[in-house]
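# Architecture and fold: a report
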Amino acid sequence: MIYFVGAGPGAKDLITVRGRELLARADVIVYAGSLVNPALLEYAGKDCKIYNSAEMTYIEILDVM
């Protein structure tokens, strides 16, 4: 399942409860490094694979998805 979680205004404490729960349950997170506060990644589980899409091509992103 793929979910899109909005980062809101960027402050770590302003993410929605549902967004935080989805990040905590995610096996993989692909985030826009140029737009998303990296502090939000602290909500990811310890085994979650995290990718910064700013450093990836479109094809690489699709492959991860």
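Our structure is the block above this text.
Residues numbered from 1 in each chain as written. Predicted model: local features only at pLDDT ≥ 70, side-chain atom pairs only at ≥ 80, totals over all residues. Heavy atoms only, no water.

### Some words on a nonpolar patch on the surface
To keep it simple, the criterion reads: Any residue with relative accessible area above 30% and no salt bridge may belong to a patch, with like charges joined within 9 Å and the nonpolar Val, Leu, Ile, Met, Phe, Trp and Tyr side chains within 5 Å. Calculation of accessible area relied on Shrake-Rupley with a 1.4 Å probe; when residues are assessed, cover is drawn exclusively from the protein chains displayed. The term salt bridge refers to a side-chain nitrogen of Lys or Arg lying within 4 Å of a carboxyl oxygen of Asp or Glu. Secondary structure is summarised from DSSP: a helix means a run of H or I of at least four residues, a strand means a run of E of at least two, and numbering begins at the N terminus for each. For every residue, the accessible area (1.4 Å probe, protein chains only) is compared with the maximum for its type, and the residue is labelled buried under 20%, exposed over 50%, or partly exposed between those bounds.
Together, Ile2, Phe4, Tyr58, Ile59, Leu62 and Met65 line one region of the surface with nonpolar side chains, adding up to about 720 Å² of accessible area. By the secondary structure assignment, leucine 62 is in helix 2 (residues 58–64). According to the relative accessible area criterion, leucine 62 is partly exposed, its value standing at 39%.

### Side note on helix 1 (residues 17–25)
Here is the rule: Along the arc lie the directions from the helix axis toward the C-beta atoms. By the convention used here, residues are in contact when the closest approach between their heavy atoms is within 4.5 Å.
Of the positions making up helix 1, those classed as buried are Gly19, Leu22 and Leu23. Taken end-on, helix 1 shows its buried residues confined to a sector of 100°, consistent with a single buried face. Exposed side chains of helix 1 directed beyond 90 degrees from the buried face belong to Val17, Arg18 and Arg25. Where the residues of helix 1 are buried, they touch strand 1 (28–31).

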